[in-house]
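One-letter residues, chain by chain:
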Amino acid sequence: MSCKHDKMSSTGTITINGKEFEVGSEVSATSRLVNFLHDNQLQGTHITCYQGGCGACTVVASVPDGDTGTKRTYSINSCLVPTRACVGWEITTVEDLGNKYDGYHPIQQALTEHSGTQCGYCSPGMVMNMYGLTQENPSWGPEDVEKSLDGNMCRCTGYRPILAAFKSVAVQDIEDAEKAKCPSTGKACKGCCKSKKAAAAAKEEGMKEEEESKQVVPRSIQLKDSNWHQPSSLQELYDLLSGFPDGTNHTFVSGNTGQAIYSDGPFTEYINTRHIAQLSNVTPTAGSIVFGANVSISRVISELDSVTATLSGFTYVPELVDMWTRLGNTPIRNLGSWVGNLAMKVAHPEFPSDLFVGLVGVGATVTTATPDGTTTQHTMEELLGLDLVGERRFIIDLGIPTLPDDAVFKTYKVMPRTTNSKADVNAAFKFRVDTTNAYTVLDPPVMAYGGINPSFVRATATETYLTGKSLQDEAVLQAAYTSLASEVVPDAQYQDASPEYRLALAQNLFYRAVLSIVGTAASPPVTSGAEPLQRPLSSGQQTYDNNTEQYPLGAAIPKIEAPIQVSGEAEYITKIPSRPGELVGMFVTATQGNAAIVSIDPSPALAIPGVVDFVSAGDIPGENDIMDMADPGTQLLFATDRAMYHGQPLGLILATNRGAAYAGKAAVQVTYGDIQTPVLTIDQALQNPLPPGQPDSLVLGDIQAGFAASTHIIEGAMRRDGQYHFHMETQTTLAYPTDTGLDVFSSTQWLSETQRSISKVTGLKSSEVNVSCKRLGGAFGAKIDQCNIVSAATALAALKTRRPVRVQLDLSENMTIIGWREPYLNTYKIGVDDAGILQAVQSTLIADSGYVGVDVSSPAAAIFLMGCYKCPNWEITPQYILTNTACNTWTRTPGMLEGVTFMEDMMDHVAIQLGMDPLELRQKNFIPDGATRMISKDIIRIKSRCRASDVKFLPDEVTIPRNLLPDMITHFFTTADVEQRKAAVTQFNQENKWKKRGMSVMPMLFPYLVPSIYPLPVLVSVNVGDGTITITHGGAECGQGLNTKVAQVAAYELGVALDTITFATNNTHNSANNQTTGGSLGSAFCCHNVSEACKLIKARVNPDNLDWKTAVQTAYSNGVDVSQRYVNGVDELVSYPVYGVGCSEVELDILTGQFIVQRTDLLEDAGRSMSPLVDVGQVEGGFVMGQGLFTSEHPIYDPTTGQRLSDGTWLYKHPYAKDIPVDFRVELLHDTPNPTGVLNSKISQEPPVCLSFSVVMALRQAVTSARQDAGTTGWFQMDTPLTTDRLQRLCLVDPSRLTLA
Ligand SMILES: Cc1cc2nc3c(=O)[nH]c(=O)nc-3n(C[C@H](O)[C@H](O)[C@H](O)COP(=O)(O)OP(=O)(O)OC[C@H]3O[C@@H](n4cnc5c(N)ncnc54)[C@H](O)[C@@H]3O)c2cc1C
Ligand code: FES
Ligand code: FES
């Protein structure tokens, strides 16, 4: 840790958690604050994306304002702000709020108590975001909480409990916490200060030192590879700029957030402009407000907000504010400046800047200066034409003008989710109209658009056309749409929404503006198009039995790890401190998706200082194959002859630091030959023969006889794209040689397979490889076997170099090297009779396995397809195809989700074809009580990782003793008020043309399949000194609450308090030969095995009449072993059905394709829940993950190289807090113990993901209504994800229908 008085290389100080830290000249210009925190042992702040898009790294900064000197305090992304820029700032990290020693902060307590953590990787960032809000806005309310969390991602919880937690924090709670802080240390008061006077003196001393340190900040600092400048006046800046020799590569640093989008650089001269006081000014003048270049976007918004109330000419401001509060996210707006945003637009004109479009709309101007101090004022359009970099031109200020009060100003931002996304299209319109004369346009209007193409700013031809015309004249409107169609020409970029959609948006948004101008002059049904959707404040309800009679089993308790998660104390593999001599490993990956590898030359990389070695296929002493038990097939660790996908690992660069590793990775020279167009989709792959080894079809009855007996035959198809797991802890491994082999810390869901994989690659004996993992920062299946790409490569590198090696994938590496959820195509033919009774179901389920078919889920899809329905004749053919993409892999509910949801899509098709109510059709076809459900051997084999010879142990079918669905639906009709809401939806759709609603009810039968052989060993160790218990097991705690349930079971069985129990790190030596934690099997098996182990201990210890500690000590002194290992044997656990019902109601904006899930009700069967809060969390989180899959999460590829373009938070759109159902109600089925489940429970991790399909079903209804208005009825294929682009185009909005009538 740098210490205050170590001034050797000091170039300034940062105050972190009340302590000063020197920033030496060794800290590079590109070092980010989070790196500095980690280097100084402050590991509580996490990292996922390095892109400002996940919020894991959020800290709170108190930043002195250049003009007033006062400090503003707010949340920022520590992954973006340069360390050097923080000199003079005060930073608060999660460590400062609370911990297990000093107690927890009210925000941390609230998150714990509301069960707002699962894997906990997002939690410190969430806490700091909320803390930032309380510091910035001392009277925040629930709306502010929702707004503030607009960029903090949580993949596990579904956000509802996080929002509930933070909304519960009262202003008084924070004030009390602040009061309780020691005035000298800033930490929780321990009463150690001798007197308040001493504390005050210490504080004064601290302020004096801070003042001193401020004065020694040098203007220019020479760093290793660059210079860092921090001029304090404009003159100093001009001198600096004019003194640079020609060709100097310089950049200005304001918030540095721009690097997350365009990683320009590296530069030799970095100029931090924040020390120029006058650039922080905000000056209201007669005709405008002038903002200095240092003013952040958040401050622009708040200053604009306040002037509206006091100055005239700014009545239009709420429109600007509305658009700009949807720019990026809260920490980005806090850190990022308006000037950086505009400079990015100048450098990258394709950037759909919200700021720029709004400023064009109001006619704002900027002032720039050249290095000789000459200043010039420009319009926004003129700014775009400047060569800012070449001329070393500097933007000084921005003038936002007044507008006449009768000007109508409208802004729109259409984006693929509710918050934190670039716009597909944004627009700003300014009109002055004569309201007394048919809304005739008085002056030339402004119609500015972003997101069209790099050179498009204004629809000038349409502006000219409209001048003097009446907006009430339908012919004028039609001509305006035609004019727009000819001048708005969206470019076709793979990463952008389709050109057709963007043109439609340009026309529709103009129409929207007209509707809002003409108001009641338009007919009532079309006025629903006048405003974008307004999302109300969200809320939730959770209903469950709090089973207290077996306390603590069945009690609704928060996760036991929650306190250490919310404080950043929880240990993950990423946080294991570095070891002496540790090397950084970074994958060198293929840049062609389908090409021969001619040569790989690492020599240029090895010449880079800090690069130590390069490991590739030739270094493998064992086999170049990471798969062992996973059957069938081989998966290469490193490609040898051919690059099968863009991103495939070719080798691993090893370096002493991350910078050198990046440089080394880029320097390795790879030559390719025989470059072929990559096959990227199922349709393309089907042009070739299917790969060998296809799974067997599942055949029941006689399909042809079934079709013959049918009076209606319905055929169709549905495609569903893949999904990135988005575990927030990226794949990580640390490996180092020991005197007995290798110690490996791997973020794995399957310790033993990782051990075997490493053994296979390195040639070491299994006993020489010890793989450990304490917990995972999310996994969702990605860490079952594909983690072994990282683990085996790291282990191999450690063995070769005989040094510790750590590989922690960057988000973009994780998203490209590792496969995702498989894309699917279902083609089907269904036969029904006139009453809608199923006679025959034929389906071909094709999974895209990526480049190798090792993790194929379509056999599971086949068995799950039958779902809750009875049909005498089934022929379900699971298939897989190969594409030039990463090896797709298990993802929460793999195959099962596809089976259940494709069947629901098919049932919708039948209902529409027959003109029946979709729910009535479903109910008619429900499976009866006592029926059996066929189970494919293939799927069981996959789930148990058994070899083919083991199949004889497996059951053939599960029994459905009683189908609970009819009762659940009856219950649901009351609790979810289905009938009344359905009627309201119908009426709404009749009355509104441009907003449509839909409501669905989806039943689910999820046959939870348990393999006969599935060992998950547990070890319950009782410490005789005090009776405390340490548990290790073969499972993986990845957020699903495995440890909490296990602790509840152990405490119940042994009759001890929960806090008697702790968990130690799991490893392959103490739980050898464990199975994977996946398929909802991990928690169930660990709980069962712990229960059995505890029963055996109890039988030996016999605690009756003795307190536990005395009983243990007595037994021990009598020679009794008080600890126990237990592994389940064959068929100890059995399969059973899990039931669920979901109902979602949506509202769709037909003009833009954006939608809101207004309400979702989920009724889930968890048996007698072992841990209701954990189960509710699984239901909510699973649903929201599924909603993302089916709507916004959209993989994008470059079809020429096969590069996955959606490889970060900028282009990949997972849900945030404002995407979840506005009213989110979850109920666990009351009093339904499951006699065949572990302690009467049922599993809850995977089934609820399926229920998210209710959103798709509801959207179908909304789209159907829109299509009916367009004159089209009947079935239509709805491939998912239902992006805004797809949804809007499905609604068949033709400009001819954009009328006022
Ligand atoms: C996660 C994320 C989401 C975002 N979402 C949106 C969005 O939805 N809509 C949107 O419009 N934007 C969005 N942005 C962009 C964001 O607004 C900009 O990154 C931010 O405003 C840049 O400001 P900065 O102070 O960080 O600039 P910096 O990153 O410090 O600088 C950016 C560029 O500006 C130049 N520059 C800085 N100051 C000057 C100056 N005075 N004169 C000349 N050049 C200068 C720098 O040299 C650099 O090239 C998003 C960004 C992120 C990271
Ligand atoms: S790591 Fe900083 S926002 Fe994701
Ligand atoms: S708990 Fe939020 S990401 Fe896991």
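About the cut-offs
Residues numbered from 1 in each chain as written. Chains lettered and ligands numbered in written order. Predicted model: local features only at pLDDT ≥ 70, side-chain atom pairs only at ≥ 80, totals over all residues. Heavy atoms only, no water. UniProt positions renumbered as here; feature names shortened; annotations may be inferred. Helix = DSSP H or I, 4+ residues; strand = E, 2+ residues; numbered from the N terminus. Contact = heavy atoms within 4.5 Å. Buried < 20%, exposed > 50% of the residue type's maximum accessible area, 1.4 Å probe, protein only. Pairing = 2+ DSSP bridges. Axes fitted to C-alpha atoms, helices over the stretch in contact; angles between N-to-C directions. Near = heavy atom within 4 Å. Polar contact = N/O pair within 3.5 Å; in protein donor to acceptor, adjacent residues only side chain to side chain. Areas by Shrake-Rupley, 256 points an atom, 1.4 Å probe, with all protein chains shown as cover. Parallel < 35°, antiparallel > 145°, perpendicular 65-115°, else oblique. Left-handed = near helix turned anticlockwise from the far one by under 90°. Nonpolar A, V, L, I, M, F, W, Y, C, P; charged D, E, K, R; others polar. 1 Å grid on protein atoms, 1.4 Å probe; cavity = no way out; pocket = protein on both sides within 12 Å on 5 of 7 lines; lining within 4 Å. Points joined across faces, edges and corners; volume = space filled by probe spheres on them.

Those places that UniProt annotates as "binding site: [2Fe-2S] cluster 1" (unreviewed entry) correspond, in this numbering, to Cys49, Cys54, Cys57 and Cys79. The named residues occupy 31 residues along the chain; their greatest pairwise C-alpha distance, 10.2 Å, places them in one compact cluster. Tracing the backbone shows Cys57 in the loop between α1 (33-39) and β3 (58-64). Residues within four places of Cys57 in sequence aside, it is in contact with Thr45, His46, Ile47, Ile76, Asn77, Ser78 and Cys79. In this structure, Cys79 sits in the loop between β4 (71-77) and β5 (90-92). Its relative accessible area of 1% is what places Cys79 among the buried residues. The contact partners of Cys79, leaving out residues within four places of it in the chain, are Arg32, Val34, Ile47, Tyr50, Gln51, Gly52 and Cys57.

This part covers the environment of Tyr544. Tracing the chain through its elements places Tyr544 in the loop between β19 (539-543) and α18 (562-566). For Tyr544, a relative accessible area of 27% gives the class partly exposed. When the C-alpha positions of Tyr544 and Tyr724 are compared, they lie 31 Å apart, and in sequence the two are 180 residues distant. Sequence-distant contacts of Tyr544, defined by excluding residues within four places in its chain, comprise Ala556, Pro1172, Leu1173, Val1176 and Leu1228.

According to UniProt, the "binding site: FAD" (unreviewed entry) feature falls on Ser337, Trp338, Val339, Gly340, Asn341 and Lys413. In this structure, Gly340 sits in helix α12 (residues 338-347). Since its relative accessible area comes to 26%, Gly340 is described here as partly exposed. If you trace the backbone, Asn341 turns up in helix α12. A residue is classified by how much of its surface remains accessible, and Asn341, at 6% relative accessible area, is buried. Once residues within four sequence positions are removed from consideration, Asn341 is found in contact with Leu327, Phe351, Ser353 and Leu355.

With respect to topology, 5 strands assemble into an open sheet ordered β19-β45-β44-β43-β37, the strand pairing being mixed. Two strands lie at the open edges of the sheet, namely β19 and β37 (995-1008), each paired on one side alone. Shown here is a sheet whose adjacent strand axes are inclined to one another by a mean of 10 degrees, direction ignored. Note: β37 against strand β43 (residues 1136-1149), 14 bridges, orientation antiparallel. Along β43, the bridge assignment pairs Phe1006 with Val1138.

What surrounds ligand 1 is a group of 32 residues, the closest being Ser254, Gly255, Thr257, Ser337 and Asp354. Contact distances for ligand 1 include 2.8 Å between an oxygen atom and a backbone N or O atom of Asn256. Relative to its unbound accessible surface of 980 Å², ligand 1 loses 94% to contact with the protein. Contributing elements (two or more residues each) for the shell around ligand 1: β8 (250-253), α12 and β14 (394-401).

Taken N-terminus to C-terminus, the directions of helix α10 (residues 317-324) and helix α13 (residues 354-362) make an angle of 165 degrees; their axes are 9 Å apart at the nearest point. Overall, the two elements α10 and α13 adopt an arrangement that is roughly antiparallel. By crossing handedness, the relation of α10 to α13 is classed as right-handed. Listed contacts from α13 to Leu320, Met323 and Trp324 of α10 are Asp354, Leu355, Val357, Gly358, Leu359 and Val362. Of the residues that constitute the contact of α10 with α13, the class distribution is 7 nonpolar, 1 polar and 1 charged.

The subject of this paragraph is empty space enclosed by the protein. In this approach, a probe sized like a water molecule rolls over the atoms, and the result shows the empty space that is left. Inspection of every chain in the model, using the stated rule, returns 11 cavities of 30 Å³ or more. If you add up the space inside the second largest cavity, you get close to 100 Å³. Looking at the second largest cavity, it is lined by 18 residues, and the ones nearest its centre are Tyr1008, Ala1084, Tyr1136, Val1238 and Ile1243. For the lining of the second largest cavity, a count of residues per class yields 10 nonpolar, 6 polar and 2 charged.

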